[in-house]
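One-letter residues, chain by chain:
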Amino acid sequence: MPLTAGIVGLPNVGKSTLFNAITKSQVEAANYPFATIKPNIKIVEVPDERVDKLSTLFKPRKTIKTTFEFTDIAGLVKGASKGEGLGNQFLGNIREVDAIVHVVRCFENSSIVHVENTIDPIRDIEIVNLELALADLETVNNRLSKVERKALTTKEKDAVREFEMLKKLKVALEEGKMARRIEFSPEEKEILKNYQLLTAKPVIYVANVSEDDVANLDNCQYYLKVKEFAEKENNQVVGITAQMEEEISALDEESRELFLSDLGLNRSGLDEIILKTYSVLNLCTFFTVGEDEVRAWTFTKGMKAPECAGIIHTDFKKGFIRAEIYKYEDLMTYGSELALKEAGKIRVEGKEYLCQDGDIMFIRFNV
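Residues numbered from 1 in each chain as written. Predicted model: local features only at pLDDT ≥ 70, side-chain atom pairs only at ≥ 80, totals over all residues. Heavy atoms only, no water.

1. A short note on helix H4 (residues 121-153)
For H4, which comprises 33 residues, the first-to-last C-alpha distance of 48 Å matches the rise-based estimate of 48 Å (1.5 Å per residue) to within 8%. At Val 147, H4 shows its strongest bend, of approximately 35°. Taken from the residues just after H4, Lys 155 is the one with a positive phi, measuring 60°. (Helix = DSSP H or I, 4+ residues; strand = E, 2+ residues; numbered from the N terminus. Expected span 1.5 Å × (residues − 1). Bend = angle between axes of the 7 residues up to and from the residue.)

2. Looking at the packing of aromatic side chains
Between two aromatic rings, the relevant description is the distance of the centres plus the angle of the planes. Tallied over the entire structure, the rule returns seven aromatic pairs. When the centroid spacing of 5.6 Å and the interplanar angle of 40° are considered together, the rings of Phe 68 and Phe 70 count as tilted. One exposure class covers both Phe 68 and Phe 70, and it is buried. Pairing Phe 286 with Trp 297 gives two aromatic rings, centres 6.3 Å apart and planes at 15°, and the pair type is stacked. Highlighted residues: Phe 286 in strand S8 (residues 283-288) and Trp 297 in strand S9 (residues 293-300), separated in sequence by 11 residues. (Phe/Tyr/Trp six-rings, centres within 6.5 Å; stacked < 30°, edge-to-face > 60°. Buried < 20%, exposed > 50% of the residue type's maximum accessible area, 1.4 Å probe, protein only.)

3. Describing the pattern of salt bridges
Under the criterion given, the structure shown has 25 salt bridges. Taking the shortest distance from any N to any O, the salt bridge between Arg 161 and Asp 158 comes out at 3.4 Å. Here Arg 161 pairs with Asp 158, and both are found in helix H5 (residues 157-174), just three residues apart, close to one helical turn. (Salt bridge = Lys/Arg side-chain N within 4 Å of Asp/Glu carboxyl O.)

See the structure below:
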C-alpha cells in the first residue's frame, strides 16, 4: 500500500493542473470553484536515479521503483469546517492522507478568478490552516466530553493522560496553532494517532508562480513570503509553475532534460515535490538486486533489519537470521559485487542493525 499525499488549497490556485502534471493524467482543471468534487487519486513513481543505475549494472528482467499516491482534493473555502463548499466531505478526504501538499497561488492573472478576489498567499494559507484547525478543534472537543468524566471519576492512568493532552491540544488549537507544532511525549503521540488530526500531518507548501518567476524565485515577492512563512513553521516550500510542469510532463526524457537545462534547473518542480514529500515523512529507500529484479523498497528511518526484511515478505521478518549489506555508493565506486567482496565492503548485520538509506540488502532467513 503506497503512502499518500493530499494536494490541498483554495479553489483555482493550480491544484488540478499540478495533479495533471504529477500523474501525467487529465482531470478537469476548469476556471471556477469546485471543478474538483470527488478526489482524484493516482500512484506515481518516486524519481530515483539510483534505481536506473542499478538496473543498468545488473540488467534485470524487471525494475521496480518505490511509489507514492497523490490525491487531488477539491478546494477549501472559508467555513469548510462548518460544511461550506462541501467542506466536510473534503476535510474527510484530507484525513485519509499521510502528508499535505498545500498549493498557494503566487501569480497575477486577471483571466483566472481568485475566490478571494485578490492575490495574497499568506492570507490564503491562513484560511486553509484555520479551517483545518477548526475541524481538529471539533474532534478534540468531542473526545474531551467523552474522556473528562472517566478521567475525573475513575482516575484511570490512561484516561488522565489523554484528558491532560486533549486540554493542551484544545488551548493550542484555539490559539490557531497547528498540532504538528506542539510538543508531545512519546505516549501522547501514540494516543494522537487515533484522532487523524488534520493539523498534525506534515505539510509542504507549493508556491505556484508565473513562468517569468520560476527561474529566479528570489525575485518573486509572493514566493519569498511563502518561504518565510514556511521557515517559521519549520516546513519546506517548493516553487513551481504548474502550467509549465504539466507541459514538461508530456515531453520525452531527452526533451525534458533539455528544457530544464535551458531554465538552469537540475530537476523538475514535480520531482522536487515528490522527493520532499517522501522526506518529510522520514522515508528512506533500500534496494534488492539481481538478474531477476532490481527493486527499491520504502522504509521509515529508524527501522531495524528484520523490520525492513518484513517489508519484502512477512516470512523474512519471522525467520530473519542475518542481512548481507553493502552501500549503493560503494557499488558505484567498485563496479561489481565481486570487487566489493574483495575489498571487504560487504557486511553481515544482525537483528539490531538500523537500516540506512541506500543500503543494498540480501536477507538470510529460515521459517
